[in-house]
Amino acid sequence: MADEMIRADGLVKIYKTKETEVLALQGLDLTVETGELTAIIGNSGSGKSTFLNMIGGLDKPSAGSLFVDGKNLFTMSEKELVLYKRDTVGFVWQNNGRNMLPFLSALENVMMPMNLSSTKHKHDKAMELLEMVGMSHKKNSRMNMLSGGEQQRVAIAIALANSPKLLLADEPTGSVDFKTADYIFDVFSELNRNGQTILIVTHDIALSKKVKRVIAIRDGKISSERVLKEEFADRLKESNIDWREIDSQEEYVVLDRAGRLQIPHELIENLGLSDNKVKISYRDGEIVIQKP
C-alpha cells in the first residue's frame, strides 16, 4: 500500500433520476503506483470521466472502495474532502474556462490556489511554475490574451500551485494543435521524471501511444492495458515518428479480481456465436475459448 497512489476495488457508480438508473462504473478495479504517468482511454459513456471525477473528490462512489494517497474517499467528511481537494490533487480541465479566472493575469491565477493554503513565497513559486511551462513571458496576460495552448499550459501551473501529490488531467490536448500537444506532453513527462504522479484521460491517439501505461475502460470496467515497448521508451522526443500509426505498445486483456475478462468484440464476432454460451478449456499452457 505504501507505493500505491490510487487503489480502486469493486468501484460502482449509479446515477439515479426519477425515471432511470445509469450504471456508470460496474466493479472497476485499478491500482496506480506513486510516480506513474498513466493514461485512461475509452469511448464516450465508458465511465472514464466518472472515475476521474471520483479521484478528484468531485463525485462519490455508490459502492466499493477508493483510496488515494492512503485516504479513503468513501468515508471522508465534507471538511476532509475540502482539504483533500486543496492539498492532494490538482486538476487540469479540458475547458479552460474552468481552469482560469478571466479577470486575473496568468501570474495571479497561479497564485490564487496558494491563498487557500500556507504556501510561502507565493510570487516566487508562481513564477517558477510559469517558467516551467514556458509561460513566464505571459505572466501579466489575461485569459482572452492567450491562445488555447497557452491557457492550457497556465492551467498546468495552476494545478501544481499547492504541490499536489496527484495531478489529474481531463483531455489536456483536446483543443490544441499537434505541436502544442507535443509540448504539453513534454511538460507532463518532465514533471513525471521529477516524481509527479499523473493520471490523464485522453482521446489523443498520439499522446496515449507515448505513455508507458494506458488503461482502457469499457462499459464501466477495465477491459485492457497497453504498456509501452522497451524500444520506444527512449524515443519519445523523436520528431520523425508518427505516433498515431506506430505500434508502440503491447496490449493485454485485464483479468479482474473476480476472474472476469472482457473479450474484444471482433474476436467474439469471429466465433459466430448464436447465443452467449462458449466452451472453455486449458490446453498446453493456454486457455482456449470455443464455439459450442
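Bear in mind the structure is a predicted one, so any value in this text is a computation, not a measurement. (Residues numbered from 1 in each chain as written. Predicted model: local features only at pLDDT ≥ 70, side-chain atom pairs only at ≥ 80, totals over all residues. Heavy atoms only, no water.)

## Overview of the environment of Ile-289
Following the sequence through the fold, Ile-289 ends up in strand β13 (residues 286-290). Separated by 11 residues in sequence, Ile-289 and Val-278 place their C-alpha atoms 6.5 Å apart. Every residue in contact with Ile-289, bar those within four places of it in the chain, is listed here: Ile-263, Leu-271, Val-278, Lys-279 and Ile-280. (Helix = DSSP H or I, 4+ residues; strand = E, 2+ residues; numbered from the N terminus. Contact = heavy atoms within 4.5 Å.)

## Focus: the pattern of salt bridges
What the rule picks out here adds up to 15 salt bridges. Asp-204 is the partner of Arg-244 in a salt bridge, and the nearest nitrogen-oxygen pair spans 3.8 Å. With a gap of 40 residues between them, Arg-244 in the loop between β10 (221-228) and β11 (249-253) and Asp-204 in the loop between β8 (197-201) and α8 (205-210) connect regions that are remote in the sequence. You can call Asp-204 buried: its relative accessible area is 12%. Glu-225 serves as the salt-bridge partner of Arg-213, at 3.0 Å between the closest nitrogen and oxygen. On the criterion of sequence distance, the pair formed by Arg-213 in strand β9 (residues 213-218) and Glu-225 in strand β10 is long-range, its members being 12 residues apart. Neither Arg-213 nor Glu-225 differs from the other in exposure class; each is buried. Here the residues in one salt-bridge network are Glu-4, Arg-7 and Asp-9, joined through shared partners. (Salt bridge = Lys/Arg side-chain N within 4 Å of Asp/Glu carboxyl O. Buried < 20%, exposed > 50% of the residue type's maximum accessible area, 1.4 Å probe, protein only.)

## What to know about the packing of aromatic side chains
Across all of its chains, the model carries 2 aromatic pairs by this definition. When the centroid spacing of 4.1 Å and the interplanar angle of 0° are considered together, the rings of Phe-91 and Trp-93 count as stacked. You'll find Phe-91 and Trp-93 in the same group, each marked buried. A centroid spacing of 6.0 Å and a plane angle of 65° characterise the contact between Phe-232 and Trp-243, whose relative ring orientation is edge-to-face. Pair noted here: Phe-232 is in the loop between β10 and β11 and Trp-243 is in the loop between β10 and β11, with a separation of 11 residues, a long-range link. (Phe/Tyr/Trp six-rings, centres within 6.5 Å; stacked < 30°, edge-to-face > 60°.)

## A short note on helix α6 (residues 148-159)
When the terminal C-alpha atoms of α6 are compared, their 16 Å separation across 12 residues agrees well with the 16 Å that a helix rising 1.5 Å per residue should span. Of all the 12 residues making up α6, 11 are buried; the element is thus mostly covered by neighbouring parts of the structure. Regarding α6, the residues found buried are Gly-149, Glu-150, Gln-151, Gln-152, Arg-153, Val-154, Ala-155, Ile-156, Ala-157, Ile-158 and Ala-159. (Expected span 1.5 Å × (residues − 1).)

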